[in-house]
Amino acid sequence: MPFELPDNLHPDCGPVAWLLGRWGGHGKGDYPTIGAFDYGQELVFQQDGRPFLHYFARSWIVDEAGEKVRDAAQETGFLRCRPEGHVELVLVHSSGIAEVWYGQAADGKLELHTAGVSFTESAKEVTAGHRLYGNVEGRLLYAYDMAAVGQELQPHLWAQLERQ
């Protein structure tokens, strides 16, 4: 699907402009404290001319045939764009977790690391994360590594999404 840069795009958002729009597809997840799973996902990145993108993601667990079994995670936040491809991400999850991330964007790649994680008393303890997003032949590929519930930072989620 073709992509056009919005006329009102803030210059600092240039390195992440390729993310704008709606993305959908499937991924896989695993972690030592849970069983492996497949999921469907939708990501939406929007902008209004200021130096940030609004981000929303929702996912659902799927069975072997790719059919929805149940709703899963939701997260939303703001990808704050700074000069020279520096980015800050403020992110909250439906599971009771709030995070601050810092990273760098360039050449169709966005890499982020947590700077701080907070969680409600009913949420699982998450202590660190690493996210990598890449534009690979027009697809959005991403991987999310997580340190949680006493486990070291390690792969948790990975997906391939198509522009919708």
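That block above? That's the structure.
Residues numbered from 1 in each chain as written. Predicted model: local features only at pLDDT ≥ 70, side-chain atom pairs only at ≥ 80, totals over all residues. Heavy atoms only, no water.

S.K.: Can you tell me about empty space enclosed by the protein, naming the residues and giving the values?
M.R.: Taken as a whole and judged by the stated rule, the model has 1 cavity of 30 Å³ or more. Size it by volume and the largest cavity reaches roughly 50 Å³. Considering the residues around the largest cavity, the lining is formed by Phe45, Tyr55, Leu79, Leu89, Leu110, Leu112 and Tyr133. In terms of residue class, the lining of the largest cavity is built from 7 nonpolar, no polar and no charged. (1 Å grid on protein atoms, 1.4 Å probe; cavity = no way out; pocket = protein on both sides within 12 Å on 5 of 7 lines; lining within 4 Å. Points joined across faces, edges and corners; volume = space filled by probe spheres on them. Nonpolar A, V, L, I, M, F, W, Y, C, P; charged D, E, K, R; others polar.)

S.K.: Which residues make up the sheet that holds strand β3 (residues 52–62), and what values do they have?
M.R.: Read around the barrel, 10 strands follow the order β1-β2-β3-β4-β5-β6-β7-β8-β9-β10 and close on themselves; strand pairing throughout is antiparallel. Each strand of the sheet is rotated relative to its neighbour by a mean of 25°, with strand direction disregarded. Where strand β8 (residues 126–136) meets strand β9 (residues 139–148), 10 bridges bridge the pair, whose relative direction is antiparallel. Bridge pairing links Ala128 to Ala147 in β9. (Pairing = 2+ DSSP bridges. Helix = DSSP H or I, 4+ residues; strand = E, 2+ residues; numbered from the N terminus. Axes fitted to C-alpha atoms, helices over the stretch in contact; angles between N-to-C directions.)

S.K.: Give a description of the packing of aromatic side chains that names residues and reports values.
M.R.: Applying the stated criterion across every chain, the model contains 5 aromatic pairs. Between Phe45 and Tyr55 the ring centres are 5.0 Å apart and the planes differ by 40°, which places this aromatic pair in the tilted class. Of the two residues, Phe45 sits in strand β2 (residues 34–46) while Tyr55 sits in strand β3, which places them 10 residues apart along the sequence. You can call Phe45 buried: its relative accessible area is 5%. Ring geometry for Trp101 and Tyr144: centres 6.3 Å apart, planes at 55°, overall tilted. Of this pair, Trp101 sits in strand β6 (residues 97–106) while Tyr144 sits in strand β9, and the two are 43 residues apart along the sequence. For Trp101, a relative accessible area of 0% gives the class buried. Take Tyr144: its relative accessible area is 7%, and that puts it in the buried class. In this arrangement the basic side chain of Arg131 is found over the ring face of Tyr144, its NZ or CZ atom lying 4.8 Å from the centre. (Phe/Tyr/Trp six-rings, centres within 6.5 Å; stacked < 30°, edge-to-face > 60°. Buried < 20%, exposed > 50% of the residue type's maximum accessible area, 1.4 Å probe, protein only. Lys NZ or Arg CZ within 6 Å of the ring centre and 35° of its normal.)

S.K.: Explain the layout of surface pockets residue by residue, including any values.
M.R.: Leftover empty space is mapped by rolling, across the atoms, a probe with the size of a water molecule. By volume, the largest pocket amounts to about 800 Å³. What lines the largest pocket is a set of 34 residues, and nearest its centre among them are Ala73, Ser95, Met146, His156 and Leu157. For the lining of the largest pocket, the secondary structure elements donating two or more residues are β2, β3, β4 (68–81), β6, β8, β9 and β10 (154–163). When grouped by side-chain class, the residues that make up the lining of the largest pocket number 19 nonpolar, 9 polar and 6 charged.

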